[in-house]
Amino acid sequence: MTDRPTPTALRDTLARAHPFPLLSDEIVDAFFERMSTRSLDAGEHLVRQGDPGDALFVVVEGDVRIDVSHPDGKTNHVADVGPGSVVGEMALVTRQPRTADAVARGPALVLELKSADFDALALEHPEVGVVLTEIVSERLGTAAADSFGGKEVGGHLIQRCVGRGGMAVVYEANEVESGRRVALKMMNHRLLFHAGAKARFQREADLLMAIEHPGVTRVHARFEAFRTSFLAMEFCDGPSLDEFLEERGAC
């Protein structure tokens, strides 16, 4: 590896790493001030599958191999990432164990941000919610590719994403114990650091769970997972409001 990059070069690498370009220079500077550097030798683990998700990393120099191990002993190579790539961001948001191994292919240098510093920045700068949304939306809640597909969350087996909005992502799922088909509503992670928005989501849940009426969607359960809130609701087939209005027009 060449001589260690200057602080300016390190900061520039951070500013170019997706999704940090979405943030102001001031906030990028605030992130950089809380980050430390870490050097890796060839074959050294940056993160291990199953370890706590307690930090985010930005590769500055070198390449990192991402592998996923399966219970049958097989290992799948997922990707090779290089300078400007962000590693470990999903576990940082959800605080779930690491889902893959990240191993340096050769000498490497990374920037590291601990979860406590991430939380402090998110509370200080509400705009960091944009980063949260970008991180999660690329992995969860997209119709084309969704990391929750086929996974069990809170006793519910997720089938597919059926909709996204400003407050939540909605999945079609089946209750594992009964097989009942439900709409699983996950509060958007960008609301984690917005107490007012989170309170509104909780009030909605309280109101829906207190109402029993043929014209109101029933709520079967509420639970916490992946560092956010979920509602298991009655699944109602039919067109979206936009589709209904396009077909029939406004009343």
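Everything below is about the structure printed above this text.
Residues numbered from 1 in each chain as written. Predicted model: local features only at pLDDT ≥ 70, side-chain atom pairs only at ≥ 80, totals over all residues. Heavy atoms only, no water.

A.B. asks: Please explain the overall build of the protein as it appears in this structure.
C.D. replies: Looking only at helices and strands, the protein features seven helices and 14 strands. Taking the principal axes of the C-alpha coordinates as reference, the protein spans close to 70 × 45 × 35 Å. Of all 251 residues assigned to the protein, the portion counted as buried reaches 43%. Within the protein, contacts between residues separated by at least 24 positions form 61% of all contacts whose residues are at least 6 apart in sequence. Here the protein has roughly 13,200 Å² of accessible surface; of this, 50% comes from carbon and sulfur atoms. (Helix = DSSP H or I, 4+ residues; strand = E, 2+ residues; numbered from the N terminus. Buried < 20%, exposed > 50% of the residue type's maximum accessible area, 1.4 Å probe, protein only. Contact = heavy atoms within 4.5 Å. Areas by Shrake-Rupley, 256 points an atom, 1.4 Å probe, with all protein chains shown as cover.)

A.B. asks: Looking at this model, I keep getting lost on the sheet that holds strand E8 (residues 108-114). Mind explaining?
C.D. replies: Paired through their backbone hydrogen bonds, the strands of a sheet run either parallel or antiparallel. One open sheet accounts for four strands, arranged E1-E8-E3-E6; its pairing is antiparallel. Since the sheet does not close on itself, it has two edges, and those belong to strand E1 (36-40) and strand E6 (86-87), each with one partner. In terms of strand pairing, strand E3 (residues 55-61) meets E6 through two bridges, oriented antiparallel. For Val-58, the partnering residue across the bridge sits in E6 and is Val-86. Together, E3 and E8 form the strand contacts of helix H4 (residues 115-124), whose direction differs from that of E8 by roughly 55°. (Pairing = 2+ DSSP bridges. Axes fitted to C-alpha atoms, helices over the stretch in contact; angles between N-to-C directions.)

A.B. asks: Whenever I open this one, helix H6 (residues 195-210) confuses me. Can you help?
C.D. replies: Side chains that are three or four residues apart share a direction in an α-helix, a result of its 3.6 residues per turn. When the terminal C-alpha atoms of H6 are compared, their 22 Å separation across 16 residues agrees well with the 22 Å that a helix rising 1.5 Å per residue should span. Here H6 has its buried residues at Ala-197, Phe-201, Gln-202, Ala-205 and Leu-208. Seen from one end, H6 has its buried residues packed into an arc of 140°, which puts them on one side. Turned more than 90 degrees from where H6 packs its buried face, Ala-195, Leu-207 and Ala-210 sit exposed. (Expected span 1.5 Å × (residues − 1). Arc of directions from axis to C-beta.)

None of the figures reported here should be taken as evidence of function without further support.
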